[in-house]
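# What the coordinates show
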Amino acid sequence: MTDITSRTEAALAAIAAATSLDALEAERLETLGKKGWVSLALKTLGGMTPEERTQAAPAIQSARAAIADALDAKKAALEAAALEEQLARETVDLTLPAAAAPRGSVHPVSQVMDELAEIFADLGFAVATGPEIEDDWHNFTALNMDETHPARAMHDTFYFPDKTLASSSEAVGQQKTPEGREVLLRTHTSPVQIRAMLDQGAPIRIIAPGRVYRSDSDATHTPMFHQVEGLVIDKGIHLGHLKWTLETFFKAFFEREDITLRLRPSYFPFTEPSVEVDVGYSNEGGRRVVGGHGDAPGHAWMELGGSGMVNARVLEFAGLDPKEWQGFAFGLGIDRIAMLKYGMNDLRAFFDGDPRWLAHYGFSPFDQPTLSAGVGARA
Ligand code: DAH
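To start, this report covers the structure provided alongside it.

Cut-offs and rules
Residues numbered from 1 in each chain as written. Predicted model: local features only at pLDDT ≥ 70, side-chain atom pairs only at ≥ 80, totals over all residues. Heavy atoms only, no water. Helix = DSSP H or I, 4+ residues; strand = E, 2+ residues; numbered from the N terminus. Rg over C-alpha atoms; globule rule 2.2 N^0.38 Å. Buried < 20%, exposed > 50% of the residue type's maximum accessible area, 1.4 Å probe, protein only. Contact = heavy atoms within 4.5 Å. Areas by Shrake-Rupley, 256 points an atom, 1.4 Å probe, with all protein chains shown as cover. Lys, Arg positive; Asp, Glu negative; His and termini not counted. Charge placed at Lys NZ, Arg CZ, Asp CG, Glu CD. Near = heavy atom within 4 Å. Polar contact = N/O pair within 3.5 Å; in protein donor to acceptor, adjacent residues only side chain to side chain. Nonpolar A, V, L, I, M, F, W, Y, C, P; charged D, E, K, R; others polar. Salt bridge = Lys/Arg side-chain N within 4 Å of Asp/Glu carboxyl O. Pairing = 2+ DSSP bridges.

It is worth spelling out the overall build of the chain at this point. In terms of helices and strands, the chain carries 12 helices and 12 strands. Relative to its length of 379 residues, the chain is extended, with a C-alpha radius of gyration of 37 Å against a globular reference of 21 Å. Once the C-alpha set of the chain is aligned to its principal axes, its extents read approximately 115 × 55 × 50 Å. Looking at the chain residue by residue over its 379 residues, the buried ones come to 42%. Taking the contacts inside the chain whose residues are at least 6 apart along the sequence as the reference set, 66% of them involve residues at least 24 apart. Total accessible area on the chain stands at roughly 20500 Å², and carbon and sulfur atoms take up 55% of it. Each charge class in the chain can be summarised by its mean position, and for the 35 positive and 53 negative side chains these summaries are 2 Å apart.

Below you can see the structure in the form of structure tokens.
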């Protein structure tokens, strides 16, 4: 009895003093292991008379319980300490400069998209998105271009062939949506107008920046390029709102007050009336610089995009009553305005992924465009 008490005390002291999981395991084997003294003492109970057993059992069992609890507690403590130590040892010093590591930069297109979103957010526009893999209803029909409309042919559309019909001899068919619409890569961001109106109804104020695709390639055209669509639908909207919005945007974007816009009558199926938007610029040191009046000596006009009042037919396709709602829309080439702002002359370089070009024109990820700090900080 006293023997058990003193051995238990000795075991508890050894457990408390253990400084490693190995030392703790050795102590466990010595006490609760198959040949440990507690296990052996428990075995002796079997050979006792019931009276002897009633006498001896409680001391042995409480010794076993006390030692088992102490082992568990110490094991948890040692494991926690080991984890602490590992965490302290493996700390990464985030303040260390990554001196030798290659530096990434923000692509000018991403930078300009961030700048656009920042300026238009200030004017109360939300950013809307739509799929790049579109159908011909959203891309054409709902924008007032039915199957026979000549503008469809002018878009150099990439259609999706129907692989299920493909065979060496057979002509490849057209992939269709479940509604029977043709599947294509969107040729402009204008289908996002339709999707946004169908989703949100009116009033609405959105921009939709994104990738668009046309089968076209030379120094000023690439098969994939970027546009930003704008759409405002409300009551009593007129061309004056459109002109003010574009002027305010371009002044903020190019960070100068002397921006002159010219709205030239034009035609788009989805707007009526339609205008093309030109901006005055001059040539300075072989670089086109926006500003001033295009008709002034040494100045000229450059086309930046299309716009107009949303055609009543488009409102109807999008489920709105044209007697109640009016609006304007615009579509600008992002790559174009990026080239103009940052002085690049070959569009193809945008998509080459040449690290030297990116290092030269790229932007620091820390240079977030903000209206207060300037939307065009250079890297
Ligand atoms: N979607 C036209 C294009 O890609 C551009 C455009 C013109 C968009 C007029 C508009 C608009 O929203 O009103 O050529």
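The discussion continues.
In this section: the site of the ligand. The immediate surroundings of the ligand are formed by 15 residues, with His-188, Ser-190, Arg-214, Gln-227 and Glu-229 found nearest. Contact distances for the ligand include 2.9 Å between a nitrogen atom and a side-chain N or O atom of Ser-190. A distance of 3.3 Å is found between an oxygen atom of the ligand and a backbone nitrogen or oxygen belonging to Phe-330. Elements that contribute at least two residues to the shell around the ligand include exactly β7 (224–234), β11 (299–310) and β12 (326–333). Tallied by class, residues from the shell around the ligand come to four nonpolar, nine polar and two charged.

It is worth spelling out the pattern of salt bridges at this point. Applying the stated criterion across every chain, the model contains 18 salt bridges. We note a salt bridge from Arg-28 to Glu-25, for which the minimum N-O separation is 3.0 Å. One end of the pair, Arg-28, and the other, Glu-25, are both in helix α2 (residues 21–31), three residues apart, so they sit about a helical turn from each other. Judged by relative accessible area, Arg-28 falls into the partly exposed class, the value being 33%. Its salt-bridge partner being Arg-348, residue Asp-346 comes within 3.4 Å of it at the nearest N-O pair. Given the relative accessible area of 28%, Asp-346 is considered partly exposed.

What follows deals with the side chain of Asn-311. Relative to the helices and strands, Asn-311 resides in the loop between β11 and α10 (312–317). Owing to a relative accessible area of 12%, Asn-311 belongs among the buried residues under this scheme. Engagement of the side chain of Asn-311 in a polar contact is seen with the backbone oxygen of Pro-269, the distance being 3.3 Å.

For the rest of this paragraph, the subject is the pairing of β7. Of all 11 residues in β7, nine are buried; the element is thus mostly enclosed. Here strand β6 (residues 204–213) runs beside β7; their pairing, made up of 10 bridges, is antiparallel. Residue pairing in the sheet places Pro-209 in a bridge with Val-228 of β7. Of the pairings in the sheet, the one linking β7 to β12 comprises eight bridges and is antiparallel in character. When the bridges of β12 are listed, Glu-229 appears paired with Gly-331.

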